[in-house]
Amino acid sequence: MSTFAAVMTGQGTGAISTIQVFGKKAKTIIKEVFKPAGTKPATFKAGEILLGQIVDGTKIIDQVTIGCETARSFAINCHGNPLIVVDIMQLLGRHGATLLTAEQLLSKILSAQKQINTIAIEAKLAQPKAKTIEGTKIIANQIDAGLSKKATEWIENIKTISLNEIRSGAERILETSKTAKLIIYGCKAVIAGPPNSGKSTLLNCLCGRQKAIVTDIEGTTRDWVTGQCQTDSLSIELTDTAGLGEKLSTTPKDIVEKKSREKSIQILEEADIILLVLDNGQPAGQLDEKLLEKIAGKKVLTVLNKSDLPARLDCGKLPRFLSDTVLISAKLGTGIENLFEKIRQICSVVGFDLRTAVCITSRQENLLKRLSSVKSKEQATSIITELLNGQLHV
Ligand SMILES: Nc1nc2c(ncn2[C@@H]2O[C@H](COP(=O)(O)OP(=O)(O)O)[C@@H](O)[C@H]2O)c(=O)[nH]1
Ligand SMILES: [Mg+2]
């Protein structure tokens, strides 16, 4: 195994940055680039913290502390200026360290611990990406329970368990994982609907601040505006896009409008849920057919806005897939808790068992897909073994 270095702290300026050096020659490299403060030579014993300078020959790069974590793992804590960080990384590179990303290095460190399986390593690597506390719990549970436990059980009982049981088990995990992913990585909600129905007002109301411009003039929203909000275990990324429901069916006037529309359609296709905002104070106008076509197969919540005005919209005339409705006033902020509750229901996150087995990486997902149509016990054993102990995809 060679020696690796990576910046473990976030990109950009910070008070302090941490560079991890890990591997067989880590101590040798550290000794070459570190000059301890004071007169005593440094011992680099595990558990020690050393104060000194990172030097390139006679040139001082920065004053640092070094945490000696094990005989082959050291954390250099330097000042957070990115220029200093780059200088130190380049120096380590010249002294023989292979430069990696934080995630790549973490996977090397974790893989070196023989007793932990690949699912556990993937869980540890995914942990910082979770958007909610519940998401972190789902991930953590895959280590001792969840997917690790399920895969181990399959292997232990491979002689007695039926292929059908394995196939349907894998299918169930894939299905449950869709909800788990929303809790872990967040849910993308797109706000669509006719002009002036209150889409931008809703975005501002849900984000708790003025992100999108609101006026009575049609076409006020020219681009797409995003915002973030949270309801219990669900972190929601909202997008208010120009032209969604306003003019998808018409021919674009120019290249800018064409590009803007293409982007709007892409955002729509990637959405987990559509919030279709209609003006409850107006009789039903013609809903854009292209929009309806695009959202027909998706999770849709029809948001009847402007509940503070006399109701004029006849919901009975709406297409069937728009029948899940909630009445709000985005301007007054009323009905918002009901709206959140509906979103949670539609996303199936209510009462989700955080200990259930789910897949959290595309490697796991691909293996489970193969397992769901497995043809023999030998093939099943090989796929499950790969699931537990296969190569990481970092
Ligand atoms: N009475 C009332 N007016 C609203 C409500 N929500 C939005 N509006 C008004 O409707 C107009 C259009 O709102 P806007 O958010 O720009 O609509 P968009 O075109 O769908 O983004 C503005 O004058 C808003 O103040 C509401 O709940 N009640
Ligand atoms: Mg708008």
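Residues numbered from 1 in each chain as written. Chains lettered and ligands numbered in written order. Predicted model: local features only at pLDDT ≥ 70, side-chain atom pairs only at ≥ 80, totals over all residues. Heavy atoms only, no water.

Draft legend 1. Summary view of the overall build of the protein. Of regular secondary structure, the protein possesses 13 helices and 13 strands. Taken along the three principal axes of its C-alpha coordinates, the protein extends 85 × 60 × 40 Å. Expressed as a percentage of its 394 residues, the buried residues of the protein come to 45%. Look at the contacts in the protein between residues 6 or more apart in sequence, and 64% of them connect residues 24 or more apart. Side chains of the protein carry 51 positive and 41 negative charges; the gap between the two charge centres is 6 Å. (Helix = DSSP H or I, 4+ residues; strand = E, 2+ residues; numbered from the N terminus. Buried < 20%, exposed > 50% of the residue type's maximum accessible area, 1.4 Å probe, protein only. Contact = heavy atoms within 4.5 Å. Lys, Arg positive; Asp, Glu negative; His and termini not counted. Charge placed at Lys NZ, Arg CZ, Asp CG, Glu CD.)

Draft legend 2. Geometry of the packing of helix α6 (residues 146-156) against helix α7 (residues 163-185). Packing of α6 against α7 leaves a shortest axis separation of 12 Å and a crossing angle of 170°. Taken together, α6 and α7 sit at an angle that is classed as roughly antiparallel. Contact residues: L147, K150 and W154 in α6; I166, G169, A170 and I173 in α7. Its residues placed into classes, the contact of α6 with α7 shows five nonpolar, one polar and one charged. (Axes fitted to C-alpha atoms, helices over the stretch in contact; angles between N-to-C directions. Parallel < 35°, antiparallel > 145°, perpendicular 65-115°, else oblique. Nonpolar A, V, L, I, M, F, W, Y, C, P; charged D, E, K, R; others polar.)

Draft legend 3. Structural view of the pairing of strand β1 (residues 3-7). Most of β1 sits out of view: four of its five residues are buried. The pairing of β1 with strand β2 (residues 16-23) spans five bridges and is antiparallel. Directly across from A6, in β2, lies its bridge partner Q20. In this structure, β1 lies alongside strand β7 (residues 98-99), joined through two bridges in parallel fashion. When the bridges of β7 are listed, A5 appears paired with L99. (Pairing = 2+ DSSP bridges.)

Draft legend 4. A look at the sheet that holds strand β9 (residues 224-231). Strand order in the open sheet formed by six strands is β9-β10-β8-β11-β12-β13, with mixed pairing between adjacent strands. In the strand order of this sheet, the two ends are held by β9 and β13 (325-327), each with one partner. Each strand axis lies, on average, 25° off the axis of its neighbour in the sheet, ignoring direction. Inspection of the sheet shows strand β11 (residues 273-279) paired to strand β12 (residues 299-305) by seven bridges, in the parallel sense.

Draft legend 5. Structural detail: the sheet that holds β2. Taken in spatial order, the seven strands line up as β3-β4-β5-β6-β2-β1-β7 in an open sheet, and their pairing is mixed. Both edges of this open sheet fall to β3 (34-36) and β7, since each of them pairs with a single strand only. Most of the contacts of helix α2 (residues 82-94) go to strand β5 (residues 59-70), to which it runs at about 70°, and overall it touches β1, β2, β4 (49-56), β5, β6 (73-79) and β7.

Draft legend 6. Fine view of helix α11 (residues 336-346). Where α11 is concerned, the buried positions are I336, L339, F340, I343, R344 and I346. One side of α11 holds all its buried residues, which, seen down the axis, span an arc of 165°. On its buried side, α11 packs onto α8 (199-207), β9, β10 (234-241), β11, β12 and β13. Of the residues flanking the end of α11, it is S348, one or two places downstream, whose phi is positive at about 60°. (Arc of directions from axis to C-beta.)

Draft legend 7. Broad picture of the domain arrangement of the protein. Segmentation of the protein into domains returns domain 1 (3-112) and domain 2 (116-394). For domain 1 and domain 2, the distance between their C-alpha centres works out to 41 Å. In this complex, domain 1 contributes six residues to the contact, which on the side of domain 2 involves seven residues. Carbon and sulfur atoms make up 76% of the area that domain 1 and domain 2 hide from each other, which totals about 590 Å². The largest share of the area that domain 1 buries against domain 2 comes from E103, S107 and L110, three residues that together contribute 74% of it. Summed over the shared surface of domain 1 and domain 2, the result is one salt bridge. With its nearest N and O atoms 3.1 Å apart, the salt bridge here joins E103 to K129. In this assembly, domain 1 and domain 2 are joined by one residue pair in polar contact (both at pLDDT 80 or more). By residue class, the composition of the side of domain 1 that touches domain 2 is two nonpolar, three polar and one charged. (Domains from an automatic or database assignment. Buried area = accessible area lost by both parts, 1.4 Å probe. Salt bridge = Lys/Arg side-chain N within 4 Å of Asp/Glu carboxyl O. Polar contact = N/O pair within 3.5 Å; in protein donor to acceptor, adjacent residues only side chain to side chain.)

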